[in-house]
Structures are given as C-alpha cells and as structure tokens.
Amino acid sequence: MQDVSTLVAQAREGRPRAVARLISLVEGASPQLREVMAALAPLTGGAYVVGLTGSPGVGKSTSTSALVTAYRKQGKRVGVLAVDPSSPFSGGALLGDRVRMSEHASDPGVYIRSMATRGHLGGLAWAAPQAIRVLDAAGCDVILVETVGVGQSEVEIASQADTSVVLLAPGMGDGIQAAKAGILEIGDVYVVNKADRDGADATARELNHMLGLGESRGPGDWRPPIVKTVAARGEGVDEVVEALEKHRAWMEERGVLAERRAARASREVETIAVTALRERIGDLHGDRRLGALAERIIAGELDPYRAADELVAGLTEG
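Below you will find a few notes about this structure. (Residues numbered from 1 in each chain as written. Predicted model: local features only at pLDDT ≥ 70, side-chain atom pairs only at ≥ 80, totals over all residues. Heavy atoms only, no water.)

**Re the overall build of the protein**
Secondary structure assignment for the protein yields 12 helices and 7 strands. Here the protein holds 318 residues, and 46% of them are scored as buried. Considering only contacts in the protein between residues 6 or more positions apart, those separated by 24 or more positions represent 72%. When the accessible area of the protein is evaluated, it comes to approximately 15,900 Å², of which 53% is carbon and sulfur surface. (Helix = DSSP H or I, 4+ residues; strand = E, 2+ residues; numbered from the N terminus. Buried < 20%, exposed > 50% of the residue type's maximum accessible area, 1.4 Å probe, protein only. Contact = heavy atoms within 4.5 Å. Areas by Shrake-Rupley, 256 points an atom, 1.4 Å probe, with all protein chains shown as cover.)

Printed below as a string of structure tokens:
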C-alpha cells in the first residue's frame, strides 16, 4: 500500500513518478481511491482544462503538442491526458504516450499520460475526471485533454473541459461530420488544421456559415472563433492560445467558468453514486429480495416501476 500523503506531497513538488502513481491508483479503482481524492480536494481548482476533439486524422496529437510548446513558452506547467482506444487484449492504451509528443518527454514542466477508454463510449476514459484532478493538484496551470476520435460520441469532452476545442481539416468530409455529430453545440473554439491544404478556406467558410445558422446568441454571448493552423509547423498556434485566453476571460467575467465547474462536479457525484448503486444491484442477482419482487410482478401484484422503487428504497436504507 502506498502512503497517499507522501505521494500527494511529491506530486505537488512536480515529481512525475508520484503523479503517475496517483493516476494509476485512479485508473485501477484502487481501494485507496477515496483517500487519494480526499487528499487532493483542497489542492484543486487552479488549472485551466482545455479539451481537444475531432475526427481521426485531423491532427489532434500534433495540435496538442504545438499547444504544449506555446504554453511552455509562457512559463506554464502543462499536463496532457491523451485518451486512446483500448487494446482488446490488455485493456491498455494502444498508442502509448504518443510519439508526436515525445519532444516534451524530457521537460520537467510537462506531464503526459495516455489513458485507455476501456470500452467507455464518449471518447473519454471513465477515470478522466479524477486524473484531471490529480494533474490540477500537482500544480499544472493548463491541462490539455485530447480525446480519441469516435465520431458522434466525442461530444462528451464538453462536459469535462472548461473550454472545448473542435478540430477539423479540409478534404475529410468534416462539414458533414459537423452537421451530424453535434459539434456545433459543444465547440468554444474551432480550429481548421492543415490549412496549407486545398479546401481549407472553403472548410472555414462552411463552418462559419453553419455556426451562423445555428446561432441563438444574445448580446455579449460568446461567438466561437474559427482559427486556421498548420500545427505541424506551429503556424496559427499562438492565435489558438489567444482565442482560448479570450474565452477564459469571458467565462470568468460572466461567471460561466464557475457554473461549468459546478455542473462538472455535479455530474461526477452523480456518476459515482449511480455506479455504486449499480454495483449493489449487480450483487443482488440470485438474492431472494429480487426474486420475491419478480414473483409479485408475475402474479400481477406489483408493476415493474413500483418494484424498482422498493428495490432502490431497500438499497438506500441498507
């Protein structure tokens, strides 16, 4: 058993092994998870969480790496959670710690971690909220969460980030993707990457048109900017950082940032509670209480909804 207080203290000092160990405890749903979260709670709230999502091939990893470079030039500590598809054999992340981000591997001001989705739909690992909290408590100023490209389900990133960045690229049918996937509702900043390719201007125009069609914004509301980049060469990345900072300032000025974080915490509590209830219900298979309720339903004495109410009441009282 690890000494949690020692790990947390070492993580605060920026020791990567301590950060890695804490995230491993989170991912593995360790018996020490509650102790870890209790120790981290007073140390969180300082990091700015930016989510990056988009279809496979738009350059998410390259863009993430370029943003790391830009933030490091500002002297900020950066954490990266790169959520990868799960291996069907080991359950681990298929793409490891991302070759494209290897240039930052020796930088003590950068922490990069790949997390496997482990079959979780929505483009995020189930443990991502807790891992974000670890990086926050470890003193990261900015946390970049790069999701696996899974099409329509990627919109979940909007529920985990302070600011959501949607990446598109010319020649990939992203206009259709934008209309289908609901990304017009989740993006705070839109990036047309690979802008040196033919069709980049057309993609930006189409996106701008679609954003205009879906607008129901009032005076002072945030209008998502569209930034063109060539992330592989670092072009346009400073403009993306500028757009992110403007969005953060807008949210802080209007109290939106606090609202988003409160909503995120509420969802996390709800998820933990529902998971705990589901586990308790799962333990009931073969239990006489469940069998007795089933017999009453068959006999017409009880309907399934009232039976479920009785079951939940019994679980919560127990």
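**Points about the nonpolar core**
Counting residues in each nonpolar core, the largest one holds 31 residues, and the members touching the most others are Val50, Leu52, Leu67, Tyr71, Leu144, Val165 and Leu244. Tallying contributions element by element places helix α9 (residues 237-254) first for this core, with 7 residues. Filtering out sequence-adjacent residues up to four positions away, Leu244 remains in contact with Tyr48, Val50, Leu67, Tyr71, Thr163, Val165 and Val189. If you look at the next biggest cluster of nonpolar residues, it comprises 30 residues, including Ala11, Leu25, Val26 and Ala138. (Core = buried A, V, L, I, M, F, W, Y, C linked by side-chain atoms within 4.5 Å.)

**What about the pattern of salt bridges?**
Inspection of the entire model under this criterion finds 16 salt bridges. Among the ionic pairs, Arg260 bridges to Asp188, the shortest N-O distance being 3.0 Å. Here Asp188 lies in the loop between α7 (183-186) and β6 (189-192) and Arg260 lies in helix α10 (residues 256-282), a separation of 72 residues in the sequence. Judged by its relative accessible area of 6%, Asp188 falls in the buried class. For Glu310, the salt bridge goes to Arg296, with nearest N and O atoms at 3.2 Å. Of this pair, Glu310 sits in helix α12 (residues 304-317) while Arg296 sits in helix α11 (residues 288-298), and the two are 14 residues apart along the sequence. Here the salt bridges do not stand alone but share partners, grouping Asp162, Arg261 and Arg264 into one network. (Salt bridge = Lys/Arg side-chain N within 4 Å of Asp/Glu carboxyl O.)

**Focus on the environment of Ser24**
Mapped onto the elements of the fold, Ser24 is located in helix α2 (residues 16-27). Given the relative accessible area of 30%, Ser24 is considered partly exposed.

**Quick word on the pairing of strand β5 (residues 163-168)**
Of all the 6 residues making up β5, 6 are buried; the element is thus mostly covered by neighbouring parts of the structure. Where strand β1 (residues 48-54) meets β5, 5 bridges bridge the pair, whose relative direction is parallel. Within β5, the position partnered with Val50 by the bridge is Thr163. Relative to β6, β5 is paired through 4 bridges, and the arrangement is parallel. Within β6, the residue paired with Val165 across the bridge is Val189. (Pairing = 2+ DSSP bridges.)

**Re empty space enclosed by the protein**
Tallied over the entire structure, the rule returns 4 cavities of 30 Å³ or more. Here the largest cavity is characterised by a volume of approximately 70 Å³. Along its surface, the largest cavity is lined by Leu52, Ser63, Ala66, Leu67, Val165, Leu167, Val191, Thr229, Ala231, Val237 and Val240. When residues of the lining of the largest cavity are traced back to their parent elements, those giving at least two are α4 (60-73), β5 and α9. If you tally residues by element for the lining of the largest cavity, the top one is α4, at 3 residues. Residues belonging to the lining of the largest cavity are distributed by class as follows: 9 nonpolar, 2 polar and no charged. (1 Å grid on protein atoms, 1.4 Å probe; cavity = no way out; pocket = protein on both sides within 12 Å on 5 of 7 lines; lining within 4 Å. Points joined across faces, edges and corners; volume = space filled by probe spheres on them. Nonpolar A, V, L, I, M, F, W, Y, C, P; charged D, E, K, R; others polar.)

**Topic: the environment of Gly109**
Residue placement: Gly109 occurs in the loop between β2 (78-84) and β3 (110-116). A residue is classified by how much of its surface remains accessible, and Gly109, at 10% relative accessible area, is buried. Counting along the chain gives 93 residues from Gly109 to Pro16, while the straight-line C-alpha distance between them is 9.7 Å. Residues in contact with Gly109, not counting those within four places in the same chain, are Arg72, Lys76, Arg77 and Val78.

**A short note on helix α5 (residues 128-137)**
Within α5, 9 of the 10 residues are buried, which leaves it mostly tucked inside the rest of the structure. Taken as a whole, α5 has its buried residues at Ala128, Pro129, Gln130, Ala131, Ile132, Val134, Leu135, Asp136 and Ala137. Backbone geometry just after α5 places Gly139 at a positive phi near 95°.

**Remarks on the pairing of strand β4 (residues 142-146)**
Counting buried positions along β4 gives 5 out of 5 residues, so the element sits mostly inside the fold. Alternating residues of β4 divide into Val142, Leu144 and Glu146 and Ile143 and Val145, and every residue in both groups is buried. Alignment of β1 against β4, held across 5 bridges, turns out to be parallel. Its bridge partner lying in β4, Val50 is registered against Leu144.

**Some details on unusual backbone geometry**
A positive phi is found at Lys194, a non-glycine position, where the angle reads about 60°. Turning to its location among the elements, Lys194 is positioned in the loop between β6 and α8 (200-213).

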